[in-house]
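# Remarks on the overall topology
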Amino acid sequence: MWSNFFIAQDDDGRGMGGAGGKSGRVGNRPRPPRMSDSKEGKIKLTFFIACIGVTLMVLGMGTEFWVELSQPKHFRNNQTCEMAHYGLWKSCIRTLWVSDIDPERESCGPAELPGESNCTFFKFYTSGENAVIFKKTTQKSLHITGAMLALFSLFLMVMGSLCITMSLSKSVPFFLKPATICFVLSGLMVLLSIIVFHQSVLALLASDHSIPLHHELSWSVACIGSAGAILIFGGLMFLLLSLPYNPMEKCFRQPSSSDA
């Protein structure tokens, strides 16, 4: 008797069967579309390219070869000359032998030549003191602004990488758009930090004219600039992959349909 009662309740969708019906309705909610294997492969390839940009950014950010300041080769004497190179965090003064320098080069350098080096960290991050390089004074406000832009861009790179990792682990394209914003903004901030840093170098050179100096941006800036371009490219690729359709295929289909 009781077994017939429960069977009838299950058939009607009420009672204990009703609870099962509710759970069934909850389980039948539409799930977000899952990505195909080919799309996951494209995302992984784009993420690998973006990781190259992140690596270049970290490599260039931690070095002190953003700019080289070189005195004339024979400014002091005919045996040695001095040059400086610095980045976001510290500066180095190097003493090179004139005999090791290219005879066609008029200024001291490059920094890769053997010689004595004296490196110190900038104090405007701790005590707020400006640094003095060859009687020229740094502009700490511009220098700190460039450093903060670089650090914030690094934070956005980490957030974008987390979004891509979650998108691949959940196999859903929802996190691709936040990753796009993070990578594009980080790339723009990287390029902006280079511009601000270059302005700080020009302000340093204009602070004193007693010692003539030749300046040139070094290989770290090349790494940072390449990282910014790669990050922007990776962010735009993530934007294309987040779309429900391929815009290239849609563009090519329209002319073909109009011709038909």
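You'll find the structure just up there.
First things first, this report covers the structure right here in the doc. (Residues numbered from 1 in each chain as written. Predicted model: local features only at pLDDT ≥ 70, side-chain atom pairs only at ≥ 80, totals over all residues. Heavy atoms only, no water.)

## Observations concerning the overall build of the chain
Within the chain, the regular secondary structure consists of 7 helices and 7 strands. Taking all 260 residues of the chain together, the buried fraction comes to 39%. In the chain, 68% of the contacts between residues at least 6 apart in sequence involve partners at least 24 apart. Working note: accessible area of the chain is about 15000 Å², and carbon and sulfur atoms make up 64% of it. (Helix = DSSP H or I, 4+ residues; strand = E, 2+ residues; numbered from the N terminus. Buried < 20%, exposed > 50% of the residue type's maximum accessible area, 1.4 Å probe, protein only. Contact = heavy atoms within 4.5 Å. Areas by Shrake-Rupley, 256 points an atom, 1.4 Å probe, with all protein chains shown as cover.)

## Quick word on the packing of helix α3 (residues 37-61) against helix α6 (residues 219-242)
Orientation of α3 relative to α6, taken along the N-to-C sense of each, is 160 degrees, at an axis distance of 8 Å. Considered as vectors, α3 and α6 are oriented roughly antiparallel to each other. By crossing handedness, the relation of α3 to α6 is classed as left-handed. (Axes fitted to C-alpha atoms, helices over the stretch in contact; angles between N-to-C directions. Parallel < 35°, antiparallel > 145°, perpendicular 65-115°, else oblique. Left-handed = near helix turned anticlockwise from the far one by under 90°.)

## What to know about the state of the cysteines
Applying the stated rule across the entire model yields 2 disulfides. Each sulfur in the disulfide pair cysteine 81 and cysteine 108 lies 2.1 Å from the other. The S-S bond linking cysteine 81 to cysteine 108 shows a torsion near 70 degrees; that makes this disulfide right-handed. Pair noted here: cysteine 81 is in strand β2 (residues 80-86) and cysteine 108 is in the loop between β3 (90-97) and β4 (115-121), with a separation of 27 residues, a long-range link. A residue is classified by how much of its surface remains accessible, and cysteine 81, at 1% relative accessible area, is buried. The disulfide that involves cysteine 92 links it to cysteine 119, with 1.9 Å between the sulfurs. Here cysteine 92 and cysteine 119 share a disulfide; its torsion about the S-S bond, 110 degrees, makes the bridge right-handed. (Disulfide = S-S within 2.5 Å.)

## Remarks on the side chain of glutamate 40
As for its placement among the helices and strands, glutamate 40 is situated in helix α3. No salt bridge is formed by the buried glutamate 40, whose closest oppositely charged neighbour, lysine 44, lies at an N-O distance of 4.7 Å. A polar contact of 2.8 Å, which involves the side chain of glutamate 40, links it to the side chain of serine 171. (Lys, Arg positive; Asp, Glu negative; His and termini not counted. Salt bridge = Lys/Arg side-chain N within 4 Å of Asp/Glu carboxyl O. Polar contact = N/O pair within 3.5 Å; in protein donor to acceptor, adjacent residues only side chain to side chain.)

## Comments concerning the packing of aromatic side chains
Applying the stated criterion across every chain, the model contains 10 aromatic pairs. Between phenylalanine 174 and phenylalanine 175, the aromatic rings sit 5.3 Å apart at their centres with planes inclined by 80 degrees, giving edge-to-face as the arrangement. Ring-pair connections join several aromatic residues into one group, and the members of that group are Trp66, Tyr86, Trp89, Phe122, Phe124, Tyr125 and Phe197. (Phe/Tyr/Trp six-rings, centres within 6.5 Å; stacked < 30°, edge-to-face > 60°.)

## A closer look at the layout of surface pockets
One way to see where empty space is left: roll a probe the size of a water molecule over the atoms. Taken as a whole, the second largest pocket holds about 180 Å³ of empty space. Ser91, Ile93, Asn118, Thr120, Phe121, Phe122, Lys123, Glu129, Asn130, Ala131, Val132 and Ile133 together form the lining of the second largest pocket. Looking at the lining of the second largest pocket, the elements with two or more residues in it are β3, β4 and β5 (132-133). The leading source of residues in the lining of the second largest pocket is β4, at 3 residues. Each residue belonging to the lining of the second largest pocket can be placed in one class, and the counts come to 6 nonpolar, 4 polar and 2 charged. (1 Å grid on protein atoms, 1.4 Å probe; cavity = no way out; pocket = protein on both sides within 12 Å on 5 of 7 lines; lining within 4 Å. Points joined across faces, edges and corners; volume = space filled by probe spheres on them. Nonpolar A, V, L, I, M, F, W, Y, C, P; charged D, E, K, R; others polar.)

## Remarks on the sheet that holds β2
One open sheet accounts for 5 strands, arranged β4-β3-β2-β1-β7; its pairing is antiparallel. Only two strands of the sheet have a single partner each, and these edge strands are β4 and β7 (214-217). The average angle at which neighbouring strand axes cross in this sheet is 20 degrees, direction not considered. Pairing geometry for strand β1 (residues 67-70) and β2, over 4 bridges, is antiparallel. Paired with leucine 69 across the bridge in β2 is alanine 84. (Pairing = 2+ DSSP bridges.)

## Quick word on the packing of helix α4 (residues 140-170) against helix α5 (residues 176-206)
Interhelical geometry of α4 versus α5 gives an angle of 165 degrees and a closest axis separation of 8 Å. With respect to α5, the element α4 is oriented roughly antiparallel. In this structure, the crossing between α4 and α5 has a hand that is left-handed. Residue composition of the contact of α4 with α5, grouped by class: 21 nonpolar, 11 polar and no charged.

## Thoughts on the pairing of β2
Burial within β2 is extensive, with 7 of its 7 residues counted as buried. The alternating pattern of β2 places Thr80, Glu82, Ala84 and Tyr86 and Cys81, Met83 and His85 on opposite faces, both of which are buried. Pairing geometry for β2 and β3, over 7 bridges, is antiparallel. The partner of cysteine 81 across the bridge, within β3, is leucine 96. Where β2 hands over to β3, the hairpin turn is made up of 3 residues, counted between the paired strands.

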